[in-house]
Amino acid sequence: MSYSLIIDTSDSSALYGVTFQGETIFEFCTVSTFEHTRTCLEFISMLCRECCISLNDYTYFVIATGPGSFTGLRTSFATLKTISAALTIPLIGISTLHALALSASHYTNDREYIVSCKKAQSSYTFGAVYRRENTNSFVPVINDNCFEEHEFIQLVQNISVPAKRLLFAGDYHLFENQIDMNGILLSPIKIPNIQAYDILSRAFIKGKNREQLLCEGASLLPQYLQKTQAEKKLGNL
């Protein structure tokens, strides 16, 4: 049996879910604002109760690596890394932007390129561009990274594809006055869904053994939307 626990605490709300052999059997999204520290363990326990399973029944833990809020990501990383190490269950990290792009793609199947973006600090944005290969497979054209907004806009424009082949997802409102949006489809989907994380995690584990996955999970790092004070000081040295 193959159960996966999936958690995304990269935003003010949080997404929790359980999949079994590729099918979502339970999921919910919180409406509370930045209460991840208080609720993360509580919701993990609730999922076990609702699905009548224990933590030991999971084959994988799947975590959103961001970009996202410092407190939310720190909480889910600390929690799942601890449980993963204690139970020797692999922890798989999936980019929030990649999951958002896949979730948005299910809104329409006639757009070849998906621009996935999230506002960072100051004049920066986290962004990526993916090209559709098939229904659930996308390859990065512009890799997930932090860019100055004008730099990311230029990179998107340099792709040189007709607007009718583009789908924007996430914080696309940042560019509405800087890019001709005529013909570009704007996704109403603002957060990834559980199925997207499950599809991406199953693609990620192909060809890897358990030891590899455990090692990679132990070294996972989150992507924060804003730098910590320590990072800012180090950057000025």
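Scroll up a little and you will see the structure.
Residues numbered from 1 in each chain as written. Predicted model: local features only at pLDDT ≥ 70, side-chain atom pairs only at ≥ 80, totals over all residues. Heavy atoms only, no water.

J.: How do you make sense of the state of the cysteines when you look at a structure like this?
T.: Under the counting rule described, the total for this entry stands at zero disulfides. Between C48, a free cysteine, and C51, which holds the nearest cysteine sulfur, the sulfur-to-sulfur gap is 7.7 Å. Looking at C52, it has no disulfide partner, and the nearest cysteine sulfur is the one in C51, 7.6 Å off. (Disulfide = S-S within 2.5 Å.)

J.: Hey, could you run me through the sheet that holds strand β1 (residues 3–8) in this one?
T.: Strand pairing in a sheet takes place through backbone hydrogen bonds and is either antiparallel or parallel in direction. Strand order across the open sheet formed by five strands is β3-β2-β1-β4-β5, with mixed pairing between neighbours. In this open sheet, the two edge strands, each paired with only one partner strand, are β3 (23–29) and β5 (91–94). Averaged over all neighbouring strand pairs, the angle between strand axes comes to 20 degrees, with direction disregarded. (Pairing = 2+ DSSP bridges. Helix = DSSP H or I, 4+ residues; strand = E, 2+ residues; numbered from the N terminus. Axes fitted to C-alpha atoms, helices over the stretch in contact; angles between N-to-C directions.)

J.: Looking at this structure, how should I read helix α3 (residues 96–105)?
T.: Counting along an α-helix, one turn takes 3.6 residues, and residues three or four places apart therefore face a common direction. Burial within α3 is extensive, with nine of its ten residues counted as buried. Within α3 the residues assigned to the buried category are T96, L97, A99, L100, A101, L102, S103, A104 and S105. Its side-chain oxygen 3.2 Å from the backbone nitrogen of L97, S95 forms the N-cap of α3. (Buried < 20%, exposed > 50% of the residue type's maximum accessible area, 1.4 Å probe, protein only. Polar contact = N/O pair within 3.5 Å; in protein donor to acceptor, adjacent residues only side chain to side chain.)

J.: Whenever I open this one, the packing of α3 against helix α5 (residues 194–205) confuses me. Can you help?
T.: Between two packed helices, what matters for the description is the angle formed by their axes and the separation of those axes. Running from N to C, α3 and α5 point in directions that differ by 115 degrees, and their axes come no closer than 9 Å. The angle between α3 and α5 falls in the class roughly perpendicular. Considering the relative orientation of α3 and α5, their crossing is right-handed. Where α3 abuts α5, its residues T96, H98, A99, L102 and S103 lie against A196, Y197, I199 and L200. Among the residues making up the contact of α3 with α5, the classes are represented as six nonpolar, three polar and no charged. (Parallel < 35°, antiparallel > 145°, perpendicular 65-115°, else oblique. Left-handed = near helix turned anticlockwise from the far one by under 90°. Contact = heavy atoms within 4.5 Å. Nonpolar A, V, L, I, M, F, W, Y, C, P; charged D, E, K, R; others polar.)

J.: I keep staring at the pairing of β1 and nothing clicks. Help me out?
T.: A regular strand places its side chains so that they alternate between the two faces of the sheet. Most of β1 sits out of view: six of its six residues are buried. Alternating positions in β1 separate into two faces, Y3, L5 and I7 on one and S4, I6 and D8 on the other, with burial throughout. As paired elements, β1 and strand β2 (residues 15–20) share six bridges and run antiparallel to each other. Its bridge partner being in β2, I7 is matched across the sheet by Y16. Hairpin connection from β1 to β2: six residues lie between these consecutive antiparallel strands. The pairing of β1 with strand β4 (residues 58–64) spans five bridges and is classified as parallel. The residue of β4 that forms the bridge with S4 is Y60.

All quantities given are derived from atomic positions and should not be read as evidence of function.
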